[in-house]
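Report on the structure
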Amino acid sequence: MGRDTGRVRNGGNAWAAHAVRLVSVLGLVLVMATACTSDSRGRTCPGSGWPDLSHRDVASPELVERKLHCANLEESVLDEQILHKVKLSRANLHKASLSHTLVSRADLSHTDLREANLGGATLQRVDLTGADLAGAYLNDEATLTSVGLRRATLREANLEGATIRRSDLAGADLRGADLSGASISNSTLRGARLDDADLDDTTWSNVVCPDGRKSSGNPESCADHLTPRGSTGQGR
């Protein structure tokens, strides 16, 4: 009887250990699947039936003056196009390429532009309110004129040598961004986060700094006004 009881107890322990291992493996698979969904692919709107123009070359006539809310253009190529009055709010442009493209009077609010290539692009009167441009490329002398970037995310974005004028970056997240050699004029950065941003050789002219004060000095700078009011300091 004692031996049988021991066998039952040992068998139960073995099954319990097996169950724990199985749960651990399933948990790891779930974590990996979640990571792949959220990090390696762009964000899409709930539901189905949204326009799908992903993973291919896209010509401007397919977009111009069309309502493409929530369209999927992940990894699409729109290089050297002229995009006038496009309506792409909440679209998925994750890793899309718009190199040396002219975008004007466009609605790109709340779009996913993470790791997108806008190197050398010209943006004029574009609404990027709440857009996610984390890791995006806006270098190679990209020009942003009258662009709305309120509460946009530009963490670790590359804006080296970019020209930003008459634009609204209030509340934008520019932590870790590269703004070296960039020119910022007649724009507002009120409440923006610039922790760990590269500001080497950045030029400032008539800029509202993150703390709400105007750029000052000779040459002008926001060097002493980079912490938004009410902020406790740097952090991530």
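Since we're looking at a predicted model, the values are computed, not measured. (Residues numbered from 1 in each chain as written. Predicted model: local features only at pLDDT ≥ 70, side-chain atom pairs only at ≥ 80, totals over all residues. Heavy atoms only, no water.)

**Points about the overall build of the protein**
Here is the rule we go by: By definition, any uninterrupted DSSP run of H or I lasting at least four residues is a helix, any uninterrupted run of E lasting at least two residues is a strand, and each is numbered from the N terminus. When a residue's accessible area, from a 1.4 Å probe over protein chains only, is under 20% of the maximum for its type it is buried; when over 50% it is exposed; and in between it is partly exposed. Values of accessible area rely on a 1.4 Å probe in the Shrake-Rupley scheme; residue burial ignores everything except the protein chains shown.
Within the protein, the secondary structure is distributed over 1 helix and 7 strands. Counted from the first residue to the last, the protein has its helices and strands arranged as α-β-β-β-β-β-β-β. Counting only residues that meet the buried cut, the protein has 42% of its 236 residues in that class. Split by element, the accessible area of the protein, about 12700 Å² in all, is 50% carbon and sulfur.

**With respect to the state of the cysteines**
To keep things clear, this is the line we draw: Only a pair of cysteine sulfur atoms within 2.5 Å qualifies as a disulfide here.
Following the criterion strictly, the structure yields 2 disulfides and no others. Residue pairing for C45: its cysteine sulfur links by disulfide to C70, the two sulfurs lying 1.9 Å apart. Its torsion about the S-S bond being -75°, the disulfide of C45 and C70 is classed as left-handed. Note that C45 is positioned in the loop between α1 (2-40) and β1 (82-84) and C70 in the loop between α1 and β1, a separation of 25 residues in sequence. Considered together, C45 and C70 belong to a single accessibility category, that of buried residues.

**A few points about the sheet that holds strand β7 (residues 203-205)**
Definition in use: DSSP bridges decide pairing: two strands pair if at least two such bridges lie between them. To get an axis, fit a line to the C-alpha atoms, keeping to the stretch in contact for a helix; angles then go from 0 to 180 degrees between the N-to-C directions.
The parallel open sheet is built from 7 strands, whose spatial order is β1-β2-β3-β4-β5-β6-β7. At either margin of the open sheet sits one strand with a lone partner, and together these are β1 and β7. Each adjacent strand pair in this sheet contributes to an overall mean axis angle of 5°, direction not counted. Taken together, the 3 bridges between strand β5 (residues 163-165) and strand β6 (residues 183-185) define a ladder with parallel strand orientation.

**Concerning the confidence of the model for the protein**
Which entries qualify depends on this criterion: What pLDDT conveys is the predictor's confidence in a given residue, as a value from 0 to 100. Contact definition: two residues touch when any of their heavy atoms are within 4.5 Å.
When pLDDT is averaged along the protein, the result is 87, and 81% of the positions lie at 70 or above. Across residues 25-38, confidence stays below pLDDT 50; counting only partners more than four residues off in sequence or on other chains, it has 3 contacts.

**Comments concerning the pattern of salt bridges**
Opposite charge on two side chains makes pairing possible when the charged atoms of those side chains draw close. Applicable threshold: Any Lys or Arg side-chain nitrogen found within 4 Å of a carboxyl oxygen on Asp or Glu counts as a salt bridge.
Scanning all chains against the criterion turns up 7 salt bridges. In this structure, R150 and D168 form a salt bridge, with 3.1 Å as the shortest nitrogen-oxygen distance. Pair noted here: R150 is in the loop between β4 (143-145) and β5 and D168 is in the loop between β5 and β6, with a separation of 18 residues, a long-range link. Taking relative accessible area as the criterion, R150 reaches 37% and is therefore assigned partly exposed. Notably, a salt bridge pairs R193 with D195, separated by 2.7 Å at the nearest N-O pair. Taking relative accessible area as the criterion, D195 reaches 7% and is therefore assigned buried. One network of salt bridges, with partners in common, ties together R155, D173 and R175.

**Observations concerning the nonpolar core**
Taken as a class, soluble globular proteins show a tendency for nonpolar side chains to be buried jointly. How we decide: Among buried residues, the Ala, Val, Leu, Ile, Met, Phe, Trp, Tyr and Cys ones that are joined through side-chain atoms within 4.5 Å form a nonpolar core.
The biggest cluster of nonpolar side chains holds 53 residues, and the ones touching the most others in it are L154, L159 and L174. Excluding anything up to four places from it in sequence, L159 contacts L138, N139, L154, I164, L174, A177, D178, L179, S180 and A182.

**Thoughts on the environment of S40**
One can find S40 in helix α1. When its relative accessible area of 38% is taken as the criterion, S40 is described as partly exposed. It is 9.1 Å that separates the C-alpha atoms of S40 and H94, two residues lying 54 residues apart in sequence.

**A few points about empty space enclosed by the protein**
Heads up, the condition is: Think of a 1 Å grid over just the protein atoms. A cavity is a set of points where a 1.4 Å probe fits yet cannot get out, a pocket is an open set with protein on both sides within 12 Å along at least five of seven lines, and lining residues have an atom within 4 Å of a point. Grid points are joined across faces, edges and corners, and a volume is the space filled by probe spheres set on the points. Each residue receives one of three labels: charged for Asp, Glu, Lys and Arg, nonpolar for Ala, Val, Leu, Ile, Met, Phe, Trp, Tyr, Cys and Pro, and polar for the others, Gly being one of them.
Counted under the stated rule, the structure contains 1 cavity of 30 Å³ or more. For the lining of the largest cavity, the class distribution of residues is 12 nonpolar, no polar and no charged.

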